[in-house]
Amino acid sequence: MLRQRIATGVVLAALFIAAVFLLDTPWFSLVTGVLAGVAAWEWGRLAGMHRVIERILYLIVVTALLLVCYALRDTAWSQLLIMCAAFGWILVLVEVIAVEKGLVSLPASRPLKELLGLVILVPAWLALVMLHATGPESRLILLLPVVLVWVADSAAYFTGRRWGHSKLAPHISPGKTREGLYGALAASLVVALGWVLYDDIQGLNILIFLILCLVTVLASVLGDLLVSLMKRSAQVKDSGHLLPGHGGLLDRIDSLTAAMPVFAAGLLLIWSTHL
C-alpha cells in the first residue's frame, strides 16, 4: 500500500509540474478546472447527494462559478474573493475545534455542506490560476505552496508513524498526531528556508515569509481535517476510489483547498503582489 501510495504521488507530482510549466494559463485553467470538477463530484457524495442527477447539477453550478471567476481573474473582485476565502478558514477552524471538543455535533445540514464545497473548491482553483497567470518566469512561486504541502504531508506521515503518540484530533481524524504536525512544520520550514536562499529574500522579509509558509502549512492541516470531518459525517473512509493508494482526488488535494487561498492572500497582504 505504501509503495502504491508513493508511486501515485510521484506520477501526480510529475504531471502537475509539467502542467505548470508547459501549459499556458487558459489550458492550465481548463486542466485544473476539470480536476476541481472531479473534486466537486466527490464532495457531492460526501454532502449527501446520492442521486447522479443531483451531483450533475452540482457540477454544473461549480463549472459556472469557475467560468465567472476566470472571467474576473484580473480584477479586484478576484483578489477580494481570495481574501474572503482565506479568512473564512478561521470559521472552519472554530467549527473543527467545536466538533473535536464535543461542543457541537457533526455537520448534518446538506445545504450547508453543499455551500461549503463551493466556497472551498472555487477559491482554491482561482488561487492556482491567479498565481499561474503571473507569467512563466514566476511560476515557481505557484509550486512553492504545493511543495510545502507535499513535504508537510509526507513528514507528518512518517514522523507520526515513528514518534506519534499524542492525538491531534482523535474525534475527527484519529490517525493524526501532534508529533506528526511538528514534523510537518519542521520539514516545511526547511523548504521555506531553501526558497529564502534561492530568491535572496533579505531582512525582515525573511521572518514575514517564513511565517506565511508556516501559516500555509497549518491551513493545509485544517483543510485535511475538514474533509476528514465530512467523511466521518458521511460515514465513508475515502472520498472516492480514483487514485490507487490515496482514495479519491479530494483525499489528495484536501490540504491544498486551504493552503492555496491562504498563501495567495498572504502574498497580497504582505507584498501587495498583483496576481
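Coordinates for the structure precede this section.
Right, let's walk through the structure included here.

The rules we used
- Residues numbered from 1 in each chain as written.
- Predicted model: local features only at pLDDT ≥ 70, side-chain atom pairs only at ≥ 80, totals over all residues.
- Heavy atoms only, no water.
- Patch = residues over 30% accessible without salt bridge, like charges linked within 9 Å, V, L, I, M, F, W, Y side chains within 5 Å.
- Areas by Shrake-Rupley, 256 points an atom, 1.4 Å probe, with all protein chains shown as cover.
- Salt bridge = Lys/Arg side-chain N within 4 Å of Asp/Glu carboxyl O.
- Helix = DSSP H or I, 4+ residues; strand = E, 2+ residues; numbered from the N terminus.
- Buried < 20%, exposed > 50% of the residue type's maximum accessible area, 1.4 Å probe, protein only.

**A look at a nonpolar patch on the surface**
- On the surface, a cluster of nonpolar side chains totalling about 530 Å² of accessible area is made up of W41, V52, I53, I56, L57 and I60.
- With respect to the helices and strands, I56 occurs in helix 3 (residues 52-71).
- Looking at I56, the relative accessible area reads 36%, which means it is partly exposed.

**Focus: the pattern of salt bridges**
- All chains considered together, the criterion is met by seven salt bridges.
- The partner of D224 in a salt bridge is K176, and the shortest N-O contact between them spans 3.1 Å. Here K176 lies in strand 2 (residues 173-177) and D224 lies in helix 8 (residues 204-234), a separation of 48 residues in the sequence.
- The salt bridge partner of D238 is K237, with a shortest N-O separation of 4.0 Å.

**Looking at the environment of S154**
- Of note, S154 is situated in helix 6 (residues 140-163).
- Placed 148 residues apart in sequence, S154 and I6 show a C-alpha to C-alpha distance of 9.7 Å.

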